[in-house]
Structures are given as structure tokens and as C-alpha cells.
Amino acid sequence: MQMLRVAIDDLTPWKGGGYGMFSTVDAGGARRIRVQLDCERAVTAVAPRDASLELVSNLPSDRQLQRYAESLSHVVWVEVDDPEAGRAASSARPALRPWRRGLDPIPRRVAVPRTVRVTVYRPRYDVDLAEIQYVPLKSVEVPGPALTEVEARVGGRLEMWRAHLKR
Amino acid sequence: MTPHTGIRSYVATALEPTLAVASGLTLMLLALYSGGSWTTRVPIAVFCTTGLVFATLRQSPWFWLPIALLLSVTVLPNLYTRDNHKVLMALWSLAVLGAMAAKDEEGLRIAARWMIGLAFLFATVWKVIAPDFLNGAFIEFTLLTDNRFRGFTSWTTGFPSDLDIANRESLSELSDSVRFGNDTGAQGKVLNTFPAIQALAVCITWYTVLLEGAIAVTFLGSGRVAIFKRARNALCLMFLLTTYAVATVIGFGWLLALMGYTQCESHERQSRLAFVAAFLLLQVFLVPWDLVLSDIVGVFKDGGAQ
């Protein structure tokens, strides 16, 4: 059963009760998730570290990935100064992370993407070249939220990124 | 009778009956390593403490029923995020429940043997069919990048710390570029390695797959082939003492030692003692020996300087 899920749904061999741990570099924790928001230009976002990220890394089945991307499409994305996003920003690309109601200050600028794309990458190690690569495993794109939805979540009118004001 | 044999005989007798000792060790295992959220940890801690204090209570199937149910309902919905040994723990608690209900020590012995055999069979199959195990890629990558193996790699191969740091930085940069940057990983990063690491990786790869395969075969075939029956305990102990000294997944090690103890025949007293000793020794592997030794060396150096 576990082997079938590995073959069909790209479950990592490390999980699912099949005792495939320590057999491959393709562990769930070694996979990488790229979240791209299509705003006025494509920007990457820091996926929140939670149980759903762990689940979709271990088991990126079509259904799980779709569900995960849809959950991210309802997130209010803001620019922030945190160490993780800061590293991304240093590569001259803005990185966004979810706004947390009650924990973060009310944001003035939010990104309201047209689409949210989630891509799962798996690691591959070439033992002859001693080279580590990440290869795309699966990707899904879902529509972004409506402006009204984001405003309702934040609780007020916001300065949106220009492209979204044109929508 | 010498004092030596006297102590051995006393300890071996004290380890009877199997069901009582196995249930006690199971409670220790669950108290320390069942993990999960507070909704599991708190009731498990209460049950384990109660069961350890009241020995007769832990002989009752009614005591084991809520434990087995709790572990099962915690593991099943989270099958794709929980570690494999947590799944095995839940199955083991069900086996203990069954044994207590039927008062069947022999049944638990057989269950333990099959659980060890099947777990190692699946582990071996995965290592054989995985595209990056038998060629040494997984072990080499693990030796180069896994924090748990850092001290071992440096100690056995003399891998310099500056190359180790450079590898970790390369990996971190690549990871960041995949998640946030333009470069989505296709370029890759070449890691620093050593001929000694490559040779070590090949040795560990074949040692692991052959040992795990041998454990699977001897445990599953011990009922039919006499030599398998004789060899199985030594192989399992060898695995416990070599694997967990490096990969310190002590929860799994304890479960394996406990099941190893339980599946021993009544006349295999030395093996039973050895599994209990392994149960204790696994904790010693958690000591950060590199720090302790460097502290000791530091004390001697300071003493010499004064």
C-alpha cells in the first residue's frame, strides 16, 4: 500500500509506515516548496511552516497539492522583515509571508495575487559528480483571492499593489 | 558458584516472566518516546506512571486498551507525517493488549519476531529498489550533510571542518534559490568530498543492506532453519549497537531492543540479558561524546599549562 502511494502519489519512501527511511535522499524534510504569487510580477513567498507544509512535502498527491495551494490562496500576503524572507530579499526579489491576524500590525501594503503557484522539488544527489540538485516534482496553480476577500480579512481598505487595482 | 555466575543467574531469573518485563519496558518506552501533541503525551504519561507503580494493573487488558486505542487513533490519521517507529509502537501496543487479553506470552513472542522480521524486510526492499542507495549516494550525502553524522564523518575520515562548513553553505544557498530565487535548482551545487568518505559510504551501504537483509531472513525463517534461529539475536544486537551509536534514533532502538527481548525463547537467557543491556546502552549513545572528550582534553591541557 505504501509502495503504491510512493509510485502513484509521490509519497516520500521515508513515511507511510513502509520502513523506507534512510534509503534515499528524497525525504519529506529534504524536499523544497516554492510558492510563487503572480502579482505585477512573479514574486516568491515564504510558505508558513505548519502541519500542512509537512504533509504536502511528504505526500504531494494531486489532491493534497491542490488543497494546499487553495489554502495559500486565501492567505493575506505581506512584505516583512524576518530573517528567512530577508535572505530571499537579498537576492533582489521581494519575498512575502502570511500576515497573522492579532500577531502582526495591520498591514498597509498587501499583495493580492492573480494566481498562486506551488511547486514541489525533490533533491537528487549524483554520487559520481558529488552534485546535489533539486528537480521539480509537481506543480499546481490556483486563482488568487478577490480584493474584497482580502479587505474583509484585514478589516479595512488597503493600498494594494498596482496590478491588482487594475483588476 | 562464582560471584560472577551468581549475579548473572540472579539477573536472568529476575527477568522472568517475559510478559511482566516486556510490559514494564513498553511503558518506559511510551513515556519517553511516544511523542505527539499534548492530547497524546499527557494521558500516555499518566497511564505509564500508573502502570509502572502498580505492577498488577499493567497485567490487565483493560489497562492496555485505552493506551493502544490512543496510540492508534493518533498514528492513523497522521500516517504520512509520523515516523515509522511511531507506527510500530502503535502496532506493538496492540500486540501487548492482545497478549494481556489472551494471557498469551507465546503469542507476544511470535508477534515480536514477525514485527522485527517484517520491518527489516521492508527496510531492505526499500534500500534495494531506491535509486540512490546501493550506489552509495544516500550514505555519502548523509555523511556530508546530516548534522547527526557530522562528528562521525570527521572522526572516521578526518574531513576538515572548513569543507564541511562550505558544504552546508552550498546546500543552504541552493535551498534558498529553489524556494525564493531565479535559479530553481537545475544548476545544482557540487559538494566537497573525500576519497575516504566515498569508501566509507560504500562500506556502510553494503554493511547496512546485508545486515538488515540478514535480520529479515533470520527472524522470518527462524521457525524453519536452525542456523537462522541461532544467529538472529546476535545480528539484531549487532544492528542495535552499531547503527544507533551513529544514527541516534533512540526511540526506535528501544522499541527494537524491547521486541528483541520479548521474542527470545525462555532458554535464551544470555540473549535476553544482552537485549536489556542494549536497552540501557542506547541511552549512553545520547551522551555528546565529542564535547565530553574535548572538555576532558581541555582540562588536562590546562593542568599541564599550569
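Since this is a predicted model, take the numbers as computed values, not measurements.

*Asks:* Sorry if this is basic, but what is going on with the nonpolar core here?
*Replies:* In a soluble, globular protein the nonpolar side chains are often hidden away together inside. Of all hydrophobic cores here, the largest spans 98 residues; its most connected members are Tyr125 of chain A together with Trp64, Trp92, Leu240, Tyr244, Leu256 and Met259 of chain B. With ten residues, the single largest contributor to this core is helix α5 (residues 84-102) of chain B. In this view, tryptophan 64 of chain B contacts Ser23, Thr26, Leu27, Leu30, Arg58, Val96, Leu97 and Met100 of chain B; residues no more than four positions away in its chain are not counted. Core analysis: the next-biggest nonpolar cluster, separate from the first, contains 23 residues, Tyr68, Ala69, Val75 and Val116 of chain A among them.

*Asks:* Looking at this structure, how should I read the interface of chain A and chain B?
*Replies:* The accessible area lost on association of the parts is a frequent measure of interface size. Facing 42 residues of chain A, the contacting portion of chain B comprises 49 residues. When chain A packs against chain B, the two sides together hide about 4,100 Å² of surface, and 59% of this comes from carbon and sulfur. The interface formed by chain A and chain B includes one salt bridge. Of the charged contacts, one joins lysine 15 of chain A and aspartate 83 of chain B as a salt bridge, the two residues approaching to 2.6 Å between their closest N and O atoms. The interface formed by chain A and chain B holds 17 residue pairs in polar contact (both at pLDDT 80 or more) in total. Of all the secondary structure elements, the ones that give two or more residues to the side of chain A that touches chain B are α1 (2-9), β1 (32-38), β2 (42-45), α2 (51-58), α4 (83-90), β6 (115-126) and β7 (131-143) of chain A. A class-by-class count of the residues in the side of chain A that touches chain B yields 22 nonpolar, ten polar and ten charged. When β7 of chain A meets strand β1 (residues 189-190) of chain B, the two strands line up antiparallel, connected through two bridges. Across the sheet, residue isoleucine 132 of chain A finds its bridge partner in β1 of chain B, namely lysine 189 of chain B.

*Asks:* Just checking my understanding: could you explain the pattern of salt bridges for this structure?
*Replies:* Inspection of every chain in the model, using the stated rule, returns 19 salt bridges over all chains. A salt bridge links glutamate 173 of chain B to lysine 189 of chain B; the nearest nitrogen and oxygen atoms lie 3.1 Å apart. With a gap of 16 residues between them, glutamate 173 of chain B in helix α9 (residues 161-179) and lysine 189 of chain B in strand β1 connect regions that are remote in the sequence. Here the salt bridges share partners, and the residues they tie into one network are Asp10, Asp26, Arg31, Asp62, Arg122 and Lys138 of chain A.

*Asks:* Mind showing me how you'd approach empty space enclosed by the protein here?
*Replies:* A water-sized probe rolled over the atoms picks out the places where empty space is left. Residue and element names in this part refer to chain B. Considering all chains together, one arrives at one cavity of 30 Å³ or more under this definition. Roughly 40 Å³ of internal volume is contained in the largest cavity. Together, Ser34, Leu71, Thr74, Val75, Arg82, Lys86 and Met89 line the largest cavity. Of all elements in the fold, only α4 (61-75) and α5 reach the threshold of two or more residues within the lining of the largest cavity. Tallying contributions element by element places α4 first for the lining of the largest cavity, with three residues. A class-by-class count of the residues in the lining of the largest cavity yields three nonpolar, two polar and two charged.

*Asks:* When you look at the environment of leucine 103 of chain A in this model, what are you seeing that I'm missing?
*Replies:* All names here are of chain A. As for its position among the elements, leucine 103 is in the loop between β4 (95-98) and β5 (109-111). Since its relative accessible area comes to 66%, leucine 103 is described here as exposed. Sequence spacing of leucine 103 and glycine 29 is 74 residues, and the spatial spacing of their C-alpha atoms is 27 Å.

*Asks:* I'm lost on the pairing of β6 of chain A in this one. Help?
*Replies:* Two faces make up the sheet, and in a regular strand the side chains alternate between them. Residue and element names in this part refer to chain A. As defined by bridge partners, β1 adjoins β6 across seven bridges and the pair is classed as antiparallel. Opposite glutamine 36, over in β6, you have arginine 117 as the bridge partner. Of the pairings in the sheet, the one linking β6 to β7 comprises twelve bridges and is antiparallel in character. Counted as the bridge partner of tyrosine 121 is proline 136 from β7. Linking β6 back to β7 in an antiparallel pair, the connection comprises four residues, with alanine 130 at a positive phi of about 55°.

*Asks:* Just checking my understanding: could you explain the environment of valine 56 of chain A for this structure?
*Replies:* All names here are of chain A. By secondary structure assignment, the location of valine 56 is in helix α2. With relative accessibility at 1%, the residue valine 56 sits in the buried group. Put simply, valine 56 and leucine 137 are 81 residues apart on the chain and 12 Å apart in space, counted from C-alpha to C-alpha. Not counting residues up to four positions away in its chain, the partners in contact with valine 56 are Ile33, Gln64, Leu65 and Tyr68.

Calculation criteria
- Residues numbered from 1 in each chain as written.
- Chains lettered and ligands numbered in written order.
- Predicted model: local features only at pLDDT ≥ 70, side-chain atom pairs only at ≥ 80, totals over all residues.
- Heavy atoms only, no water.
- Core = buried A, V, L, I, M, F, W, Y, C linked by side-chain atoms within 4.5 Å.
- Buried < 20%, exposed > 50% of the residue type's maximum accessible area, 1.4 Å probe, protein only.
- Helix = DSSP H or I, 4+ residues; strand = E, 2+ residues; numbered from the N terminus.
- Contact = heavy atoms within 4.5 Å.
- Buried area = accessible area lost by both parts, 1.4 Å probe.
- Salt bridge = Lys/Arg side-chain N within 4 Å of Asp/Glu carboxyl O.
- Polar contact = N/O pair within 3.5 Å; in protein donor to acceptor, adjacent residues only side chain to side chain.
- Nonpolar A, V, L, I, M, F, W, Y, C, P; charged D, E, K, R; others polar.
- Pairing = 2+ DSSP bridges.
- 1 Å grid on protein atoms, 1.4 Å probe; cavity = no way out; pocket = protein on both sides within 12 Å on 5 of 7 lines; lining within 4 Å.
- Points joined across faces, edges and corners; volume = space filled by probe spheres on them.

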